[in-house]
Amino acid sequence: MYLTRFRINTARTEARRLLGSPHFMHGAVNMAFPMPPPRQGQGPRVLWRLDHNPSGRPDLFIVSPGKPDLTHLVEQVGWPTAEEPGWTTFAYAEFLDTLKQGDTWGFRLTANPVHHIRKPGSTEGTPTKRTAHLTPKHQVRWLLERQETAGFEITRTPDARRLLPGTDGNPGDEHEVIVHNRVPHQFRKREPGSRGDVRFVRVTFDGRLRITDPDALRRTLTQGLGKAKAYGCGLMTLAPAR
């Protein structure tokens, strides 16, 4: 497994096009690998995420079973004349092997929190429709409902913080997690035979977690969490807890 960070030059016209389209970015990421990455099935897969660092510059993060070659992205959205290649790739498997039960880490996850609903008046057995959670309250609850099987638990805040004005007992008030960068997306696939538009809401969670099942967490980190993984959702990364 590999973890790669690519720095994007927003002054480039193509960069603005890729940043505005999860569909185009999905294609650009796939081109970094000689064989198309699998879209279904179990096991590690290619995941990607866009982060904005404190200076405002966007970085592209990729987790992948194989080592990517991002030369084409350097030419399109990087600094082709720079001496350095424009991206850094780390041996991710070595880090994954160090994860231990009980360890505490900071985390970032960009995901597509969804649930299934029926139309009002529908009877039991009527097909459900997948729809996005739109409020931070429900988005955090979505994550809390998946933490056990994902191999972690989000740490709780000290009692004093739960008593601060403005807390109302919502899921997340007593957990060290925040939701930000909520962005709706809608586009039409250009592949032959594609029907309808792709619609989803991409949100980012930042917080602290404690590892409860290292093997399950490794699967989460290499297989992703939730839907819309091809379009920049599902990638969780860890950092030393502050």
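Just so it is clear, the model here is predicted, and its values are computed rather than measured.

Criteria and thresholds
Residues numbered from 1 in each chain as written. Predicted model: local features only at pLDDT ≥ 70, side-chain atom pairs only at ≥ 80, totals over all residues. Heavy atoms only, no water. Buried < 20%, exposed > 50% of the residue type's maximum accessible area, 1.4 Å probe, protein only. Helix = DSSP H or I, 4+ residues; strand = E, 2+ residues; numbered from the N terminus. Pairing = 2+ DSSP bridges. Contact = heavy atoms within 4.5 Å.

Let us look at helix α2 (residues 22–30). Burial analysis of α2 places seven of its nine residues in the buried class, the great majority of the element. Among all positions in α2, only Pro 22, His 23, Met 25, His 26, Ala 28, Val 29 and Asn 30 are buried.

Strand β5 (residues 104–111) sits mainly inside the fold: six of its eight residues count as buried. Bridge count between β5 and strand β10 (residues 197–211): eight bridges; the pairing is antiparallel. What sits directly across from Ala 111, in β10, is Val 203. Strand direction decides the pairing type here: β5 and strand β11 (residues 236–240), joined by five bridges, are antiparallel. The partner of Phe 107 across the bridge, within β11, is Leu 238.

The sheet contact formed by strand β1 (residues 2–7) and strand β3 (residues 58–64) spans six bridges and is antiparallel. In the strand pairing of β3, Thr 4 is matched with Ile 62. As defined by bridge partners, β1 adjoins strand β4 (residues 87–91) across five bridges and the pair is classed as antiparallel. The partner of Leu 3 across the bridge, within β4, is Phe 90.

Locating Asp 59 in the fold gives a position in strand β3. By relative accessible area, which is 5% here, Asp 59 ends up buried. The contacts of Asp 59, once residues within four sequence positions are left out, are Arg 5, Phe 6, Arg 7, Arg 49, Leu 50, Asp 51 and Asn 53.

All right, on to unusual backbone geometry then. Even without being glycine, Ala 228 reaches a positive phi, approximately 60°. Positionally, Ala 228 belongs in the loop between α7 (214–223) and β11.

When you line up the elements, Leu 209 lands in strand β10. Sequence separation between Leu 209 and Gly 151 is 58 residues, and the spatial gap between their C-alpha atoms is 9.8 Å. Ignoring any residue separated from it by four or fewer positions in sequence, one finds Leu 209 in contact with Asp 103, Thr 104, Trp 105, Phe 107, Phe 152, Glu 153, Ile 154, Thr 155, Met 236 and Leu 238.

These values are about where atoms sit, not about what they do.
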